[in-house]
Each structure stands twice: as C-alpha cells, then as structure tokens.
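Architecture at a glance
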Amino acid sequence: MENKKKHSAKNVKASQRRARNAKIVKRRIAMLIAALVVIAAIIIAVVCKVAGVFDSTADESMITIMDDGKIVCEEVTDFSEKDYSKKELKTFIKQQIKEYTAENGANSVKLDQLKVKGDVAYAKITYASADDYSKFTSLGLYTGTVKQAAKKGFDFADAFVSVKDGVKGTSVESLDITSQKKLKVAVIKENIRVTVDGEILYVSDACTTMVDKNTVAIAQPDGNEDATQLTYIIYK
C-alpha cells in the first residue's frame, strides 16, 4: 500500500514537471515568434526605406534651402494634358542634367526622384548651391548672410514684417534688418513655397503667406503665376 502511494506521488510529480515543461516550451515558442515578428518588421522597414516606400513627397511645388547650401526642389505639375510620356519626361530631365553637370561639375545637379501618379508628375532635384539652381532653372535665387547679400548688391528696399512662431507681426524698417549682418537671407524671384533650415524672423510683406516658422508661400494676389517679384526671407 505504501509502495502504491509512493508510486502515485511520483506520477503526480512527473505530471507536474511535464506541465511545467510544457508551459516553459510554450513560453519560449511565444517569445521566439515575437522576436521573429520584430525582426521581420525591422527587415521590412529597412527594405522599404531603401526602396523609398516611406519617403514623403510634397503635394505642391516647393524648395528647401539646406544648412549646407544645397537646394532641394520638389516640383509638382499637372501631367493630364502633356503630349509626352513619363519615359520621355525622365529622358528629357536627365539629358538637361547631363549637359549642365558636364560644364558645372558632376554633383552640381542630381535627380533624386521622378514619378507620375495619375495626372500629377513629381520630380525631386537637388542642387549643390543656389547659384546652380538659378543657372539651371533660369529663376532667381540667392542665399547667404545679410552682409554677403548687401555686398552682392541687394539693397533690401522692401516692405518687411517681423515673424514670430510662424506668424506675421508688425512692419520693420530695412535698416533694422541690414544691421543684423550675421542673419541668413534668401532672396527669390519665383512663386513657390520656400522652406529654410532655420526659423524665419522677417519676410517681405507683399505676396507672402507664412505656413509655419520655417516655411513661407509666395504667390501673386491675382493668381498670375507668370508675374514675379523679389522676395526676401530673413532667418536664423
């Protein structure tokens, strides 16, 4: 009788061990599955990043003035009435860049992205400098410090307003700006959104609308895209 009790106790303990082992195995499997899911997510994210799947694109034309002097232009245009294909568009742009870089350096202009979705064409091009942007596009753009701009002949003869936290404020005399020689300035003659790598402090009042603290939209009041005027953007 005593042997039966001992044998029964051993069976209970063995059963408990098996149950514990089963739980441990299940827990390990669950942890392994979770780890595999995380690894798979990381791999997918890396692949998508390399492929540009998650890259955001502008929904309207804009230029970004980088701190290192580079200009990134994102051009968004209506492609519904174009009498040429996406392939022909890409060939044309690449040819223009090839001809320009042959004379101005291999890295002076670079086509980063080109795609056509529905009736909209999107092109992202990086220029080595504002000078390259101006020469390639035949549009006016200058970037530098206030002191450098004055030496280049820009007289800051405009009606300026102050900007704080992306909101226009009161009018400012040009002398108040030109006396701050170390501030950065972008001078542009184009109807487009402009984003700077910094915070905008002053801006030409006419034809400008603040989007946020580092972005201003330039457009003519009557919507005439062919009409342009010199616009100053001063920032730090």
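Computed from a predicted structure; not experimentally measured.

1. So, unusual backbone geometry
For D165, which is not glycine, the phi dihedral falls at a positive 55 degrees. Looking at the secondary structure, you find D165 in the loop between β6 (160–164) and β7 (167–172). Judged by its relative accessible area of 57%, D165 falls in the exposed class. Non-glycine residue C207 carries a positive phi angle of around 65 degrees. Mapped onto the secondary structure, C207 falls in the loop between β10 (200–204) and β11 (208–212).

2. Here we look at the environment of I97
By the secondary structure assignment, I97 is in helix α2 (residues 86–104). Between the C-alpha atoms of I97 and L111, which are 14 residues apart in sequence, the distance is 7.9 Å. Apart from residues no more than four positions distant in its own chain, I97 is found in contact with V109, K110, L111 and F136.

3. Considering the layout of surface pockets
If you add up the space inside the largest pocket, you get close to 930 Å³. S61, E75, T77, L139 and E190 are, among the 35 residues lining the largest pocket, the residues nearest its centre. Taken together, the elements giving at least two residues each to the lining of the largest pocket come down to β2 (71–78), α2, β4 (120–127), α3 (130–137) and β12 (215–218). The greatest single-element share of the lining of the largest pocket, amounting to 5 residues, is contributed by β4. Taken together, the residues that form the lining of the largest pocket break down as 19 nonpolar, 9 polar and 7 charged.

4. Quick notes on the sheet that holds β2
For sheets, the rule is that strands pair by backbone hydrogen bonds, running either parallel or antiparallel. Here 7 strands make up an open sheet; going across it, the order is β3-β4-β2-β1-β9-β12-β11 and the pairing mixed. The sheet terminates laterally at β3 (109–117) and β11, the two strands that pair on one side only. The average angle at which neighbouring strand axes cross in this sheet is 15 degrees, direction not considered. As paired strands, β11 and β12 are joined by 4 bridges and run antiparallel to one another. Bridging across to β12, D212 finds its partner in T215. Each of β1 (62–65), β2, β3 and β4 is contacted by α3, which is oriented at about 135 degrees to β4, the strand it contacts most.

5. Quick look at the pattern of salt bridges
A side chain with one charge can pair with a side chain of the opposite charge if their charged atoms come near. Going through the model one piece at a time under the given rule, you end up with 4 salt bridges. Where E60 meets R193, a salt bridge forms, and the shortest distance between an N and an O atom there is 3.3 Å. Separated by 133 residues along the polypeptide, E60 in the loop between α1 (2–51) and β1 and R193 in strand β9 (residues 193–196) bring together distant segments of the chain. The partly exposed category is assigned to E60, whose relative accessible area is 35%. For R193, a relative accessible area of 26% puts it in the partly exposed group. Of the charged contacts in the structure, one is a salt bridge between K184 and D67, with a shortest N-O distance of 2.7 Å.

Conventions adopted
Starting from 1, residues in each chain are numbered consecutively following that chain's sequence as written. Totals for whole chains, interfaces and linings use all residues, but because this is a predicted model, local features are given only for residues with pLDDT of at least 70 and pairs of side-chain atoms are given and counted only at 80 or more. Water and hydrogen atoms were dropped before computing side-chain values, which therefore reflect all heavy atoms in the structure. In this description a helix means any DSSP run of H or I spanning at least four residues, a strand means any run of E spanning at least two, and both kinds are numbered starting from the N terminus. Any residue under 20% of the maximum accessible area for its type is buried, any over 50% is exposed, and the rest in between are partly exposed; the area is computed with a 1.4 Å probe on protein chains only. Note on contacts: a residue pair is in contact if any heavy atoms of the two residues lie within 4.5 Å. Method remark: on a 1 Å grid restricted to protein atoms, a set of points is classed as a cavity if a 1.4 Å probe fits but cannot get out and as a pocket if it is open with protein on both sides within 12 Å along at least five of seven lines; lining residues have an atom within 4 Å of a point. Grid points are joined across faces, edges and corners, and a volume is the space filled by probe spheres set on the points. Residues are grouped as follows: Ala, Val, Leu, Ile, Met, Phe, Trp, Tyr, Cys and Pro are nonpolar; Asp, Glu, Lys and Arg are charged; every other residue, Gly included, is polar. Pairing between two strands is assigned when DSSP locates at least 2 bridges connecting them. Only the stretch in contact is used when fitting a helix axis, every axis being a line fitted to C-alpha atoms; angles between N-to-C directions are given from 0 to 180 degrees. Definition used for salt bridges: Asp or Glu carboxyl oxygen within 4 Å of a side-chain nitrogen of Lys or Arg.

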